[in-house]
Amino acid sequence: MAKYSRFFIVVLRLLALAATVVAIVLMVTSHDSSKVFNLTFKAKYNNTPAFKYFVTAKAIAGGLTFVSLFLMCFKSFRSRLVIFLDVFIALVLCSGISAALAVAEVGKNGNSHAGWLPICGQVPKFCDQVTGSLIAGFVAAILYLLLILYSLYVVLDPIFPVN
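First, a word on what this report is: a plain description of the structure on this page. Fair warning: this is a prediction, and the values are worked out from it, not measured in the lab.

A closer look at the overall build of the protein
Next up, step 1: When helices and strands are tallied, the protein shows 5 helices and 2 strands.
Next up, step 2: Starting at the N terminus, the α and β elements of the protein follow one another as α-β-β-α-α-α-α.
Next up, step 3: By residue count, 37% of the 163 residues in the protein fall in the buried class.
Next up, step 4: The contacts in the protein between residues at least 6 apart in sequence include a share of 76% that link residues at least 24 apart.
Next up, step 5: Carbon and sulfur atoms make up 73% of the accessible area of the protein, which totals about 9900 Å².

Quick look at the structure:
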């Protein structure tokens, strides 16, 4: 059972790492341009600080995922430090998604009260890639939530037995 448990955790971590890398690649490569009234409008991820933070948060989460995979080799660190890292990574992922999602929502729908117009009609390729990146980010966050729940179950099972 412990062999399958370890395999399950490693697979979840690798899937979360893959989703994080996909989110970074999609966001970094997102760019599009449009011509409005003879003015060229360029949309890139690095024009928005929230998207830069999203990429930075995903990069930190990916690096810490490698660290947690390495720490899983040591039995003494497994129960405490790895769970702490998982919670920290999940918080970083959620904060990056929240910041990027707020800006993406304004980009897609605009804000009539502030007079901000939506831009997705002019740069659809950019908006599609940002949407894909946010979806990959949500997948990574959900996988980390599953990792946290499973790790807590494994750690707390001897304390609160089911039988």
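Overview of the packing of aromatic side chains
Next up, step 1: Within the structure shown, the criterion is met by 2 aromatic pairs.
Next up, step 2: Consider the rings of F51 and F126, whose centres lie 6.2 Å apart with planes at 55°: the pair is tilted. Of the two residues, F51 sits in helix α2 (residues 49–71) while F126 sits in helix α5 (residues 124–156), which places them 75 residues apart along the sequence.
Next up, step 3: Under the relative-accessibility criterion, F126 is labelled buried at 6%.

Let's talk about the packing of helix α4 (residues 81–109) against α5
Next up, step 1: Between α4 and α5, the shortest axis-to-axis distance is 9 Å and the interhelical angle comes to 155°. In terms of axis orientation, α4 runs roughly antiparallel to α5. α4 and α5 meet at a crossing whose hand is left-handed. Where α4 abuts α5, its residues I83, D86, V87, I89, A90, L93, C94, I97, A100, L101 and A104 lie against V130, L134, G137, F138, A140, A141, Y144, L147, I148, S151, L152 and V155.
Next up, step 2: The residue makeup of the contact of α4 with α5, split by class, is 20 nonpolar, 2 polar and 1 charged.

So, the pattern of salt bridges
Next up, step 1: Applying the stated criterion across every chain, the model contains 1 salt bridge.
Next up, step 2: Put simply, R13 and D86 hold a salt bridge, and the shortest N to O gap is 2.6 Å. Taken together, the residues span a long stretch of sequence, with R13 in helix α1 (residues 2–28) and D86 in helix α4 at a distance of 73 residues.
Next up, step 3: A relative accessible area of 0% means that D86 is categorised as buried.

Some thoughts on the pairing of strand β2 (residues 39–44)
Next up, step 1: Inspection of the sheet shows strand β1 (residues 31–36) paired to β2 by 6 bridges, in the antiparallel sense. Bridging from a neighbouring strand, S33 pairs with K42 of β2.
Next up, step 2: Taken together, β1 and the strand that follows it, β2, pair antiparallel across an intervening segment of 2 residues, in which F37 is found at a positive phi of about 55°.

Overview of the layout of surface pockets
Next up, step 1: A volume near 500 Å³ is recorded for the largest pocket.
Next up, step 2: Put simply, the parts of the chain that give the lining of the largest pocket at least two residues each are β2, α4 and α5.
Next up, step 3: In terms of residues, the lining of the largest pocket owes the most to one element, α5, which gives 9 residues.
Next up, step 4: Among the residues forming the lining of the largest pocket, the class breakdown is 18 nonpolar, 5 polar and 5 charged.

About the thresholds
Residues numbered from 1 in each chain as written. Predicted model: local features only at pLDDT ≥ 70, side-chain atom pairs only at ≥ 80, totals over all residues. Heavy atoms only, no water. Helix = DSSP H or I, 4+ residues; strand = E, 2+ residues; numbered from the N terminus. Buried < 20%, exposed > 50% of the residue type's maximum accessible area, 1.4 Å probe, protein only. Contact = heavy atoms within 4.5 Å. Areas by Shrake-Rupley, 256 points an atom, 1.4 Å probe, with all protein chains shown as cover. Phe/Tyr/Trp six-rings, centres within 6.5 Å; stacked < 30°, edge-to-face > 60°. Axes fitted to C-alpha atoms, helices over the stretch in contact; angles between N-to-C directions. Parallel < 35°, antiparallel > 145°, perpendicular 65-115°, else oblique. Left-handed = near helix turned anticlockwise from the far one by under 90°. Nonpolar A, V, L, I, M, F, W, Y, C, P; charged D, E, K, R; others polar. Salt bridge = Lys/Arg side-chain N within 4 Å of Asp/Glu carboxyl O. Pairing = 2+ DSSP bridges. 1 Å grid on protein atoms, 1.4 Å probe; cavity = no way out; pocket = protein on both sides within 12 Å on 5 of 7 lines; lining within 4 Å. Points joined across faces, edges and corners; volume = space filled by probe spheres on them.

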